[in-house]
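# Results of the structural survey
The lines below spell out each chain.
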Amino acid sequence: MTQSNIASAASLSSTGSQSPGATRPGRLSLWVMLSGTFLVVLDFFIVNVALPSMQRELQASAGTLQLVVAGYGLATAAGLITGGRLGDLFGRRRMFMLGLLLFTLASAACGMAPNAELLVAARVLQGLAGALLQPQVLAMIGLAYTGEDRARAFAAYGLTLGLGATLGQLVGGLLIHADLAGLAWRSCFLINVPIGLLALMLAPRVIPPLANNGNSRLDLVGMLLVAAGSAAVVLPLVEGREQGWPLWSWLCLAAALPLLAAFAYQQRRLAVRGGTPLVAPVMLANARFGMGLLTTLAFYVGNASLYFVLALYLQQGLALDPLSSGIVFTSLAAGFFATSMAGARLARRFGGKPPIALGALVLAAGHALQFVNVAVWPGHSHVVAWMVPLLLVQGAGLGMVMAPLVSTVLAGLPPQHAGVASGVISMVQQASNALGVALIGILFYGRLGHAPDAGAYASAFGVALLYLTVSALLVAALHRRGSRQA
């Protein structure tokens, strides 16, 4: 949920302007806008380090833990494009504030959830609120700023995304370790409440009213079809294994393909009638863009899933506390930032094109070496000493792929489609994150068994690393194939 949004806003804002009479926004305006983005991204990743604590307190099953992560991502994916359309219809600032209010309330519900089922429901509401909030930030930056101010604002936006994603584990570990008022993991959600309320108080004072496009239309049928199809894939993959693959899980999987086929048909029909579909069929007819979407899917099914299994292995397999686990994650963040910030220099070094395939191979090598590390030192303290530098390699590979991936995918499309295409890519990213957590959960928990010890956790993490290695190699292969189509 990163660079595609920047590309989308840049494209959409190229023809945008401030409302007549609007005052020039200052630095505080940008901080308030970015506070919403930071919360949405942070809450996707901060939860990983809190999963073991949640499981112990709420007596949650493994499938429920997966839904805490996947439910948030799936809800965000289903609502992103519709959230943008709502901003067009009713005003960006108004929808930003409504999304922020709903996100703050959902965060409070997560923090006070008395059981795992209500926690999952609150996380889904959080994801839907984030889908309403997030597109407004991009559009507001594009409309409110011009020239160098706009470039700096987008740079700040990208930095906010990176900070939220990579520091989420450390922030979560610090909050759980501090155990403020005995709240433990609940503080990871409740910390959003004062931040959200402060931003809500400031928003109408510092964010100028911005022009909106009343010609946009909502595609509610398309949204419901893609949400139902995605849920029909992810839900049985999360819950089916734990329940012994009952009949309902197979029926859901069988229904997924017809639902997604109905979505594709409905989108084509809507486009023919002159409507505004979620996914414009003309974009999918572009072979390079289609290959780019497959590459995006292959990368993101190995993104959130890495954070998910690594947090479980560190805390439950190696018995690290949440703070120590969060500190280990900072090595991954350091590698990510190093290659992300060096992206332009790397592109120049490789003939002007970002070395995405090379980055995927670096990532695959990091996963494979981490597999060897876990196999050699199963459950031993030495595994962490070797894990830290290898996480630096994995983070470097992530940064080499993630930062330039979306702009590369968009390069094959006419400029007039870039805005809508970026929304489609954001949707694929979030849906792939949810699917990846579901798939890796089947492998991880399937190998873990019912009476896990340190060796079982090492074995389960090793299987997950093999899955992640295959995912990274697939990214390299798909990107090279897509490059040949350019």
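Refer to the structure printed above.
To start, this report covers the structure provided alongside it. (Residues numbered from 1 in each chain as written. Predicted model: local features only at pLDDT ≥ 70, side-chain atom pairs only at ≥ 80, totals over all residues. Heavy atoms only, no water.)

Here the focus is the packing of helix 3 (residues 62-90) against helix 4 (residues 92-111). Relative to each other, helix 3 and helix 4 sit at 150°, their axes nearing to 8 Å. Judged on the interaxial angle alone, helix 4 and helix 3 are roughly antiparallel. By crossing handedness, the relation of helix 3 to helix 4 is classed as right-handed. The residues of helix 4 that touch helix 3, namely those facing Tyr72, Gly84, Leu86, Gly87, Asp88 and Phe90, are Arg92, Arg94, Met95 and Phe103. Taken together, the residues of the contact of helix 3 with helix 4 sort by class into 5 nonpolar, 2 polar and 3 charged. (Axes fitted to C-alpha atoms, helices over the stretch in contact; angles between N-to-C directions. Helix = DSSP H or I, 4+ residues; strand = E, 2+ residues; numbered from the N terminus. Parallel < 35°, antiparallel > 145°, perpendicular 65-115°, else oblique. Left-handed = near helix turned anticlockwise from the far one by under 90°. Contact = heavy atoms within 4.5 Å. Nonpolar A, V, L, I, M, F, W, Y, C, P; charged D, E, K, R; others polar.)

With respect to the helices, strands and loops of the structure, Leu293 is situated in helix 12 (residues 287-300). For Leu293, a relative accessible area of 12% puts it in the buried group. Sequence separation of Leu293 and Val428 is 135 residues, and the distance between their C-alpha atoms is 7.3 Å. In contact with Leu293, not counting residues within four places along its chain, are Leu284, Val409, Val424, Ile425 and Val428. (Buried < 20%, exposed > 50% of the residue type's maximum accessible area, 1.4 Å probe, protein only.)

The next thing to look at is a nonpolar patch on the surface. There is a patch of nonpolar side chains on the surface, built from Leu98, Leu101, Leu102 and Leu105 and spanning about 330 Å² of accessible area. Relative to the helices and strands, Leu101 is located in helix 4. Taking relative accessible area as the criterion, Leu101 reaches 36% and is therefore assigned partly exposed. (Patch = residues over 30% accessible without salt bridge, like charges linked within 9 Å, V, L, I, M, F, W, Y side chains within 5 Å. Areas by Shrake-Rupley, 256 points an atom, 1.4 Å probe, with all protein chains shown as cover. Salt bridge = Lys/Arg side-chain N within 4 Å of Asp/Glu carboxyl O.)

What follows concerns unusual backbone geometry. A positive phi angle, close to 55°, is found at Gln59, a residue other than glycine. Along the chain, the position of Gln59 falls in the loop between helix 2 (27-58) and helix 3. One non-glycine residue, Ala181, lies in positive phi territory at about 55°. Within the element layout of this structure, Ala181 appears in the loop between helix 6 (147-178) and helix 7 (187-190). Note on Ala181: relative accessible area 78%, which makes it exposed.

With that out of the way, let us pick up helix 9 (residues 220-239). Taking 1.5 Å per residue as the helical rise, helix 9 with its 20 residues ought to reach 28 Å, and the 27 Å between its terminal C-alpha atoms agrees with that figure. At Ala231, helix 9 shows its largest bend, some 25°. Buried within helix 9 are the following residues: Gly222, Leu225, Val226, Gly229, Ala232, Val234, Pro236, Leu237, Val238 and Glu239. (Expected span 1.5 Å × (residues − 1). Bend = angle between axes of the 7 residues up to and from the residue.)

Another aspect to go through is the nonpolar core. Ranked by internal contacts, the top residues of the largest apolar core, which has 136 residues, are Ile141 and Phe444. Here this core takes 17 residues from helix 2, the largest share from any one element. (Core = buried A, V, L, I, M, F, W, Y, C linked by side-chain atoms within 4.5 Å.)

The terminal C-alpha atoms of helix 13 (residues 304-317), which comprises 14 residues, lie 19 Å apart, in line with the 20 Å expected from a rise of 1.5 Å per residue. Ala319 sits one or two positions beyond helix 13 and adopts a positive phi of about 60°.

We now examine the pattern of salt bridges. A full pass over the atoms with the stated rule returns 1 salt bridge. Glu57 is the salt-bridge partner of Arg186, the closest N and O atoms lying 2.9 Å from each other. Here Arg186 is found in the loop between helix 6 and helix 7, whereas its partner Glu57 is found in helix 2, with 129 residues between them in sequence. With relative accessibility at 13%, the residue Arg186 sits in the buried group.

Attention now goes to the side chain of Gln136. With respect to the helices and strands, Gln136 occurs in helix 5 (residues 116-144). Of the polar contacts made by the side chain of Gln136, one reaches the backbone oxygen of Leu132; its length is 2.9 Å. When near neighbours in sequence (up to four residues on either side) are disregarded, Gln136 contacts Gly83, Gly84, Gly87, Arg92, Met95 and Phe96. (Polar contact = N/O pair within 3.5 Å; in protein donor to acceptor, adjacent residues only side chain to side chain.)

Below, the discussion takes up the packing of aromatic side chains. One pass over the full model with this rule turns up 11 aromatic pairs. Note on Tyr313 and Phe461: the rings are 4.5 Å apart at their centroids and 10° apart in plane angle, and the pair reads as stacked. Remark: Phe461 occurs in helix 19 (residues 454-484) and Tyr313 occurs in helix 13; sequence separation between them is 148 residues. Phe461 matches Tyr313 in its accessibility class, with the two residues each being buried. (Phe/Tyr/Trp six-rings, centres within 6.5 Å; stacked < 30°, edge-to-face > 60°.)

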